[in-house]
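Notes for the structure review
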Amino acid sequence: GMVLAIFGVENITLIEKNRKKAEFLKKISGMVGKKVSIINLRVEEMTNFRAGVLIARAFLPLPHLLQSCSFLSKDGGFFLLQKGKTFLRELTEAQKTWIMDVDTFQSKSDASGVILKIQNLRLREYD
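Heads up: these notes are all about the structure in this document. Quantities reported herein were computed from a predicted structural model and do not represent experimental measurements.

**Description of helix α2 (residues 19-32)**
Taking 1.5 Å of rise per residue, 14 residues should cover 20 Å, and α2 covers 20 Å from first to last C-alpha, within 8% of that figure. Buried within α2 we find Ala22, Leu25 and Ser29. All buried residues of α2 project into a common sector of 60° when viewed along the axis, lining one side. What points out from α2, more than 90 degrees from its buried face, is the exposed set Lys20, Phe24, Lys27, Gly30 and Met31. Residues of α2 that are buried make contact with α1 (2-6), β1 (12-15) and β2 (36-39). Structurally, the start of α2 carries an N-cap: the backbone nitrogen of lysine 20 is 2.9 Å from a side-chain oxygen of asparagine 18.

**Topic: the pattern of salt bridges**
Following the criterion strictly, the structure yields 4 salt bridges and no others. Measuring nitrogen to oxygen at the nearest pair gives 3.5 Å for the salt bridge that ties arginine 42 to glutamate 44. In this structure arginine 42 comes out as partly exposed when scored by relative accessible area, which is 40%.

Definitions and limits used
- Residues numbered from 1 in each chain as written.
- Predicted model: local features only at pLDDT ≥ 70, side-chain atom pairs only at ≥ 80, totals over all residues.
- Heavy atoms only, no water.
- Helix = DSSP H or I, 4+ residues; strand = E, 2+ residues; numbered from the N terminus.
- Expected span 1.5 Å × (residues − 1).
- Buried < 20%, exposed > 50% of the residue type's maximum accessible area, 1.4 Å probe, protein only.
- Arc of directions from axis to C-beta.
- Contact = heavy atoms within 4.5 Å.
- Polar contact = N/O pair within 3.5 Å; in protein donor to acceptor, adjacent residues only side chain to side chain.
- Salt bridge = Lys/Arg side-chain N within 4 Å of Asp/Glu carboxyl O.

As structure tokens, then:
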């Protein structure tokens, strides 16, 4: 998120549960002269927050990430997730609980990784 802000993307909010990391991000934001909202809370505590685009890297395996963060997405919003070589296994596991549209893009920083664009996320209904 900070990299996107440095490149000119506006309205960036970073959620960081670790106080020291949140303070570091605030310091970097000031040093690079970019306005970035940094919230020092756990994702699960963000009850009044919704975003159009949610980005995560090295946060949780996909099934757990969707369970923990799906409520943060605005209607019509989507996730951009950097995932490693186990992405297919994670995606298969997540699709047992979730219905979603997924686009996959090759990572430019990791030959075995991908970027997943997940949209139209909804829970599966079982009888």
